[in-house]
Amino acid sequence: TFGLGNGVFEPASGTRLTLSGSLSGAGGLRKRGLGVLEIAGTGAYAGTTHVDAGKLVVNGTIGGPVIVETGGRLGGNGAMGNMTLQNLATVAPGNSIGVLTVNGDAVFGAGSTYEIEADAAGQSDRIVATGAVTIDPAATVTVSAAPGSYALATTYEVLSGASITGTFSGPVSSNLAFLDASLAYDPANVMLTLTRNDVRFEDIAQTPNQAAVGSAIATLPTNSVLANTVAGISAEDARRFYNLISGESHSGMRSQILSDSSIARDAVWSRLATMGDEPTEGGAHIWSSTLGKLNALAPSPNHPYEQQAVTGGMVFGVDTRLDAVTSVGAVAGASLSRFDVQALGAKLTANGVHAGVYGAVEDARFALRGGALAGLYDISSSRTFDIAGQGSTNSSAYTAAQGQAFGEFAFKFLDGETAAEAYAGLSHAYLGPTNFSETGSALSLNGTATGGTMTTATVGLRSEMQIGVDDMIAKLGLGLAVRSVIGSSEAGYKMQLAGSTPFDITAAPRSGPELVFDLSLDAPLSQKASARIAYQASIAEQGIGHSAKASLSVGF
């Protein structure tokens with residue numbers, strides 16, 4: 001019971017106070033504090049309700065007038081007496097979409113805001129007044145439309161009264177990129193209409209891949225659920241939607257396979273680096289090496305999400321010295337690569353088998369080394385994401401063939417217990433055409449990629465220093481190089497949604513130079529056996545990569 005004056009309620013920020021009983025008396029109510037006060041019962045008190053700060057939610061009834069002061073908010077599904085919104089006051093009916101009833105007059109003062117929620121099913125917030133409605137020309141309306149499949153035009157009755165005087169300031173603000181909001185008036189009602197505008201789906205894109213997806217969606221039939229869903233979301237949500245649909249992870253996997261061609265190649269380079277210390281002629285050596293690489297690509301303006309790749313495997317080789325300066329060998333192995341883009345819900349794996357040959361011609365000062373490798377990959381993919389409340393899981397399986405050739409020229413300028421050489425290398429990798437067809441949902445993609453290449457040049461220094469005593473002599477190796485992609489024809493995929501025109505999707509580029517640091521340790525295990533462990537770090541603008549190898553060589 002309120003006596004003369006006002007009962008003051010001041011819920012703190014982040015709190016909610018609910019009055020669910022019967023409120024009576026000659027006084028009024030004053031709402032202060034940044035929290036929420038809910039009137040859930042019957043407010044039969046005679047005085048005025050003032051909302052000075054925070055939010056008043058009327059889910060019951062208030063018999064007297066309600067005045068929302070500057071900075072205050074009013075909502076709920078209940079009823080009240082006269083409603084007055086002062087400057088910078090806001091009314092937002094419902095607890096989501098809902099109706100506020102005003103048993104009397106409603107006044108929208110200068111600078112006040114009517115916040116309207118609407119959905120694709122034709123439902124919206126509404127204020128129903130039994131008396132006159134007065135709207136100051138400086139009062140505004142904002143529309144927050146829920147995602148959904150909207151018609152080309154949807155009309156909602158958002159305000160009604162015994163009479164309507166005045167109009168809201170325009171244009172009406174809306175959160176949707178592809179629907180314009182407008183108001184229309186008759187003597188007793190205000191209507192809101194959401195109409196498809198002339199903003200193209202690709203116009204809100206911020207990256208080439210987003211623009212490609214947007215353009216493709218625009219070619220879908222006019223009754224397409226997908227296109228109508230895009231038309232009913234915000235620009236931010238549309239861009240996220242484009243990223244998820246794009247299938248960029250498939251292009252990323254192709255780029256990753258080309259980039260990871262260096263892993264098996266580096267295992268061969270590592271073997272070639274130790275062959276010069278072995279007996280000059282006769283016999284053969286068998287060797288094995290583990291493979292491991294972790295690579296993370298940082299977000300970039302055109303590819304705004306982190307991408308991670310992990311590769312592991314094993315290779316085996318056999319080689320022999322033909323004469324004092326010539327060595328030849330063969331290598332074979334297997335690898336498993338995983339490529340993840342968490343922000344896109346994408347996980348791809350590639351099981352690879354590899355085989356190749358290599359050789360070297362070297363004397364006391366100069367060396368020419370090189371080889372060729374071929375690989376075959378079984379790729380499986382899974383993309384799981386949610387768009388506008390609709391879950392989508394898409395999967396595929398396909399194969400890819402890859403080949404590479406590589407060589408380097410080295411000059412040894414220091415020999416003895418400490419040795420060093422300068423070198424320049426060139427590698428050229430080719431990845432054959434691939435095709436895939438996803439299954440799982442209406443957002444499944446078909447993709448076709450032509451063959452792509454990546455040419456890499458490396459210039460650097462290597463050194464090794466003998467460490468240990470007596471017969472236990474190991475070698476510590478250090479290397480520093482600059483490696484750069486000097487040519488690439490990898491174009492990514494030409495994708496297609498069911499019913500759309502094809503669109504091009506590319507992967508994050510890997511063209512920038514990178515600084516490569518090598519650390520290794522070679523140790524003899526016996527007269528005919530040795531072991532080697534090696535670590536490599538590569539630092540580039542796109543991210544940092546780490547790789548490690550452990551190898552064993554046995555002569556017979």
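Structure shown above.
Thresholds applied
- Residues numbered from 1 in each chain as written.
- Predicted model: local features only at pLDDT ≥ 70, side-chain atom pairs only at ≥ 80, totals over all residues.
- Heavy atoms only, no water.
- Pairing = 2+ DSSP bridges.
- Helix = DSSP H or I, 4+ residues; strand = E, 2+ residues; numbered from the N terminus.
- Axes fitted to C-alpha atoms, helices over the stretch in contact; angles between N-to-C directions.
- Contact = heavy atoms within 4.5 Å.
- Salt bridge = Lys/Arg side-chain N within 4 Å of Asp/Glu carboxyl O.
- Buried < 20%, exposed > 50% of the residue type's maximum accessible area, 1.4 Å probe, protein only.
- Core = buried A, V, L, I, M, F, W, Y, C linked by side-chain atoms within 4.5 Å.

Student: I'm lost on the sheet that holds strand S38 (residues 503-505) in this one. Help?
Tutor: The strands that make up a sheet pair up through hydrogen bonds in the backbone, lying either parallel or antiparallel. Across the sheet, four strands lie side by side as S33-S34-S37-S38; this open sheet has antiparallel pairing. This sheet does not close on itself; its edge strands, each paired only once, are strand S33 (434-437) and S38. Neighbour to neighbour, the strand axes of the sheet diverge by 25° on average, direction disregarded. Of the pairings in the sheet, the one linking strand S37 (residues 493-497) to S38 comprises three bridges and is antiparallel in character. By the bridge assignment, Tyr-493 is partnered in S38 with Ile-505. The strands touched by helix H1 (residues 208-217) within the sheet are S37 and S38, with S38 carrying the most contacts at an inclination of about 160°.

Student: What is the right way to read the environment of Glu-514 from this model?
Tutor: Take Glu-514: it is sitting in strand S39 (residues 514-524). The spacing of Glu-514 and Val-485 is 29 residues in sequence and 9.1 Å in space, taken between C-alpha atoms. Contacts of Glu-514, omitting those with residues within four sequence positions, involve Ala-481, Val-482, Arg-483, Ser-538, Ile-539 and Ala-540.

Student: Help me out: how do you make sense of the pattern of salt bridges in this one?
Tutor: Any two side chains of opposite charge can pair, on the condition that their charged atoms come close. For the coordinates displayed, the defined rule picks out 21 salt bridges. Arg-200 serves as the salt-bridge partner of Asp-203, at 2.9 Å between the closest nitrogen and oxygen. Since its relative accessible area comes to 39%, Asp-203 is described here as partly exposed. The residue Lys-475 makes a salt bridge to Glu-464 at a minimum N-O spacing of 3.4 Å. Linking Lys-475 in strand S36 (residues 472-488) with Glu-464 in strand S35 (residues 452-469), this pair joins segments that are eleven residues apart in sequence. Several salt bridges converge on common partners, so that one network encompasses Glu-362, Arg-369, Glu-408, Glu-421 and Arg-462.

Student: Looking at this structure, I do not really get the nonpolar core. What am I missing?
Tutor: One recurring pattern in soluble globular proteins is that nonpolar side chains are buried together. In this structure, Phe-178, Ile-217, Phe-241, Tyr-242, Ile-245, Ile-379 and Phe-503 are the most contacted members of the largest nonpolar core, which totals 49 residues. Counting residues per element, this core draws most heavily on helix H3 (residues 235-246), which supplies five residues. Excluding residues within four positions of it along the chain, Ile-245 makes contact with Val-213, Ile-217, Leu-226, Arg-383, Ile-387, Leu-443, Leu-445 and Leu-497. In this structure, Leu-19, Leu-37, Ile-39 and Ala-118 belong to the second largest nonpolar core, which totals 48 residues.

The analysis is restricted to geometry; functional conclusions fall outside its scope.
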